[in-house]
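Each chain, written out:
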Amino acid sequence: MKNTLKIERYTVMTDTIEQAYPNQSAYLEALFPEYQQIQQMRTYAQDHHIPVITPEIASALRLIAQLTQPKKILELGTAIGVSTATFAEALPNTLIVSVELNDQRFRLANQFLQPWLLKERVVLLQEDIRSANFWTHPQLTEDSYDLIFVDAAKGQYLFLLEKLWARLSVGGVMIFDDVLQHGWVATLNYPNHRQKTAVMRLRQFMRHVTQNKNAHILPIDDGLLVLVKEGKESDE
Ligand SMILES: C[S@@+](CC[C@H](N)C(=O)[O-])C[C@H]1O[C@@H](n2cnc3c(N)ncnc32)[C@H](O)[C@@H]1O
């Protein structure tokens, strides 16, 4: 018999203990359900082919966020706001500044993230992170961040690291998503020549961070790289 319990904002399904699931992900999604608003955003993203973090990456981000308790987060690559909402739900007192270039995605993020925008917990900026304007934006030049999540412009990761390291507070973490790009960064089996530049840049980036930073890899999905800024380091 199916029974539903309300625990805080989560809905927990108490199915029989013998229930089988088609795979491990389905079992884990039932056991650790995401907030309803985030599930709706995921469904929209899936239906409209918008790339967003997987539930597995979301789980890792929640863990890092709750362990490090950042007061301010900078996110590059909002899309429609799945990762932004993931951080916002994990950290009820944190300010999140998130940047997106695409007009339509920026507008959708504004709609989906309304509950957090109204509480002034989330600030959305429509900017091109490759343009000089972005780097003189008051939100960036006046602030430092305790957690920076980079999920845009994969070919620019080394450039973004160099630009943003000084904006990361000591003890803070900088996280890069998709650093292994479907395994192509390891195998070089990218399907066509178009991906070669991005893959080779990611290789340079991975070599740089493993030699120069306190770097950790979580080989989940396409690879989540976590850099911890130590006290003795100078800003790049
Ligand atoms: C993988 S998606 C982000 C997904 C989002 N973090 C999530 O998991 O919900 C990458 C996003 O970065 C944005 N993007 C790519 N290049 C950009 C740039 N130069 N400036 C700002 N945003 C950019 C894309 O439009 C896209 O929506």
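Residues numbered from 1 in each chain as written. Predicted model: local features only at pLDDT ≥ 70, side-chain atom pairs only at ≥ 80, totals over all residues. Heavy atoms only, no water.

Student: Describe the overall build of the protein chain, with residues and values.
Tutor: Helix and strand counts for the protein chain come out as eleven helices and nine strands. Against the globule reference of 18 Å for 236 residues, the protein chain gives a C-alpha radius of gyration of 18 Å, in line with a compact fold. Along the longest, intermediate and shortest principal axes, the C-alpha atoms of the protein chain span 60 × 45 × 40 Å. Across the 236 residues of the protein chain, 43% fall into the buried class. Relative to all contacts within the protein chain whose residues are 6 or more apart in sequence, the contacts with residues 24 or more apart total 62%. Across the protein chain, the mean location of the 23 positive side-chain charges is 4 Å away from that of the 27 negative side-chain charges. (Helix = DSSP H or I, 4+ residues; strand = E, 2+ residues; numbered from the N terminus. Rg over C-alpha atoms; globule rule 2.2 N^0.38 Å. Buried < 20%, exposed > 50% of the residue type's maximum accessible area, 1.4 Å probe, protein only. Contact = heavy atoms within 4.5 Å. Lys, Arg positive; Asp, Glu negative; His and termini not counted. Charge placed at Lys NZ, Arg CZ, Asp CG, Glu CD.)

Student: Explain the site of the ligand to me, and be specific about the residues and the numbers.
Tutor: For the ligand, the set of nearby residues contains 18 residues, the closest of which are Ile-53, Gly-77, Ser-83, Glu-100 and Asp-151. Considering the ligand on its own, with 600 Å² of exposed area, one finds that the protein chains cover 89% of that surface. In terms of residue class, the shell around the ligand is built from eight nonpolar, four polar and six charged. (Near = heavy atom within 4 Å. Areas by Shrake-Rupley, 256 points an atom, 1.4 Å probe, with all protein chains shown as cover. Nonpolar A, V, L, I, M, F, W, Y, C, P; charged D, E, K, R; others polar.)

Student: Can you tell me about the environment of Leu-118, naming the residues and giving the values?
Tutor: Secondary-structure assignment places Leu-118 in helix 6 (residues 114–118). Taking C-alpha positions, Leu-118 is 30 Å from Leu-31, a pair spaced 87 residues apart along the chain.

Student: Mind laying out the domain arrangement of the protein chain, listing which residues take part and the relevant values?
Tutor: Taken domain by domain, the protein chain comprises domain 1 (1–31) and domain 2 (36–229). The centre of domain 1, based on its C-alpha atoms, is set 29 Å off from the matching centre of domain 2. (Domains from an automatic or database assignment.)

Student: I'd like to hear about the pattern of salt bridges, residue by residue, with values.
Tutor: Scanning the entire structure with this criterion turns up seven salt bridges. With a shortest N-O distance of 2.6 Å, Asp-143 and Lys-72 are connected by a salt bridge. Taken together, the residues Asp-143 in the loop between helix 8 (138–141) and strand 6 (145–150) and Lys-72 in strand 3 (residues 72–76) connect sequence positions 71 residues apart. Lys-72 sits in the partly exposed class, given a relative accessible area of 26%. Put simply, Lys-154 and Asp-151 hold a salt bridge, and the shortest N to O gap is 2.9 Å. In this structure, Lys-154 and Asp-151 share a single accessibility class: buried. Residues joined in a network through salt bridges with shared partners are Glu-34, Arg-42 and Arg-62. (Salt bridge = Lys/Arg side-chain N within 4 Å of Asp/Glu carboxyl O.)

Student: So what's going on with the packing of aromatic side chains? Which residues, and what values?
Tutor: For the structure shown, the criterion picks out eight aromatic pairs. Where Phe-134 meets Trp-135, the ring centres are 4.8 Å apart and the plane angle is 75°; that geometry is what we call edge-to-face. Look at Phe-134 and you get buried, because its relative accessible area is 1%. The buried category is assigned to Trp-135, whose relative accessible area is 12%. (Phe/Tyr/Trp six-rings, centres within 6.5 Å; stacked < 30°, edge-to-face > 60°.)

Student: Can you break down the sheet that holds strand 7 (residues 168–177) residue by residue, with the values?
Tutor: Overall, mixed pairing links the seven strands, which are arranged 5-4-3-6-7-9-8 in an open sheet. Edge positions in the sheet fall to strand 5 (122–126) and strand 8 (214–218), since each has one partner strand and no second. The mean angle between the axes of side-by-side strands here comes to 15°, regardless of whether they run parallel or antiparallel. Taken together, the five bridges between strand 3 and strand 4 (residues 95–100) define a ladder with parallel strand orientation. Residue Leu-76 lies in a different strand from strand 4, and its bridge partner there is Val-99. (Pairing = 2+ DSSP bridges. Axes fitted to C-alpha atoms, helices over the stretch in contact; angles between N-to-C directions.)

Student: Hey, could you go over the pairing of strand 6 for me, with residue numbers and the actual values?
Tutor: Burial analysis of strand 6 places five of its six residues in the buried class, the great majority of the element. Of the crossover connections in this fold, the one passing from strand 6 over helix 9 (residues 157–164) to the parallel strand 7 is right-handed. (Right-handed = clockwise from strand over helix to strand, strands pointing away.)

Student: Give a detailed account of unusual backbone geometry, specifying residues and quantitative values.
Tutor: One non-glycine residue, Ala-153, lies in positive phi territory at about 50°. Tracing the chain through its elements places Ala-153 in the loop between strand 6 and helix 9. We classify Ala-153 as partly exposed; its relative accessible area is 29%. Backbone geometry places Asp-178, a non-glycine residue, at a positive phi of 65°. Here Asp-178 lies in the loop between strand 7 and helix 10 (184–187).

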